[in-house]
Amino acid sequence: MALDAYGHALTLDPADTTALLGSAASNLRVRRLDAAASQAAAVVDSTASAVQKAEAHEVLARVALNRKAYDGARTEADAAGQADARRPVRAFVEGRIALDQSRWADAVEAFEQALSAAEKDGRAPLADLRVYAADALVRLGRKDDAERLLTGELDAYPANARARSALQALYRASEEVGPSEFDTFAATLLASGDAAAFE
């Protein structure tokens with residue numbers, strides 16, 4: 001539905017950077033990575049504001065993360081930081097890479113850096129930052145901290161289905177015994193990918 005609305009807006013004005021960004025984020029949500037990358041690149045190459053260009057570089061970083069192209073993700077994260085120094089995309093990207101590589105403590109450290117930067121600047125955290133941080137925290141056995149992050153995400157964004165699913169999986173896992181609880185939680189996050197990005 002959102003893709004249709006952005007598509008209509010782009011039919012009326014193909015250079016509408018707000019519609020291009022919205023469409024890119026929507027395409028990322030449904031894993032149309034080529035379309036997301038193309039639209040985000042169009043924003044980067046346009047006369048968009050620095051903030052919009054930072055958002056576009058963030059989309060490109062997330063596309064690269066989904067493709068496991070870590071060097072590209074870092075490059076786009078750095079470009080996002082150059083366009084908007086208060087946007088902690090590099091810390092988010094480092095956390096995601098560490099999470100993908102099963103380096104839980106490194107992931108938590110990077111995600112906490114990104115969360116602190118957002119809090120310091122009085123900004124909302126990047127999309128799904130708290131969800132990914134919660135994943136890493138659960139893997140370190142810090143379920144209470146993970147629950148706090150997920151409930152905070154839902155307080156801020158009640159419609160975030162990914163955070164809601166992760167919290168439900170965490171509650172279910174709390175009733176189980178053994179390492180399978182981590183697998184249950186991880187499976188919930190991996191199944192949804194970047195599904196709630198930019199919601």
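That block above? That's the structure.
Description of the structure in this document.

Cut-offs used in this document
Residues numbered from 1 in each chain as written. Predicted model: local features only at pLDDT ≥ 70, side-chain atom pairs only at ≥ 80, totals over all residues. Heavy atoms only, no water. Helix = DSSP H or I, 4+ residues; strand = E, 2+ residues; numbered from the N terminus. Buried < 20%, exposed > 50% of the residue type's maximum accessible area, 1.4 Å probe, protein only. Polar contact = N/O pair within 3.5 Å; in protein donor to acceptor, adjacent residues only side chain to side chain. Salt bridge = Lys/Arg side-chain N within 4 Å of Asp/Glu carboxyl O.

As for its placement among the helices and strands, Glu 153 is situated in helix α9 (residues 143-156). Overall, Glu 153 belongs to the buried group, its relative accessible area being 3%. C-alpha of Glu 153 to C-alpha of Leu 129: the two residues are 24 residues apart in sequence and 9.0 Å apart in space. Within the local environment of Glu 153, its side chain forms a polar contact with the side chain of Asn 160, the two groups lying 3.0 Å apart.

Below, the discussion takes up the pattern of salt bridges. Opposite charge on two side chains permits them to pair, given that their charged atoms come into close proximity. This structure, assessed with the given rule, holds 15 salt bridges. For the salt bridge of Arg 74 with Glu 94, the shortest nitrogen-to-oxygen distance reads 2.6 Å. Taken together, the residues span a long stretch of sequence, with Arg 74 in helix α5 (residues 70-83) and Glu 94 in helix α6 (residues 89-100) at a distance of 20 residues. Arg 74 sits in the partly exposed class, given a relative accessible area of 22%. Residues Asp 135 and Arg 139 are paired through a salt bridge, measuring 2.8 Å at the closest nitrogen-oxygen approach. Of the two residues, Asp 135 and Arg 139 both sit in helix α8 (residues 129-139), four residues apart, roughly one turn of that helix. A residue is classified by how much of its surface remains accessible, and Asp 135, at 4% relative accessible area, is buried. Taking relative accessible area as the criterion, Arg 139 reaches 22% and is therefore assigned partly exposed. One salt-bridge network, held together by shared partners, links Asp 71, Arg 74, Asp 78, Arg 90 and Glu 94.

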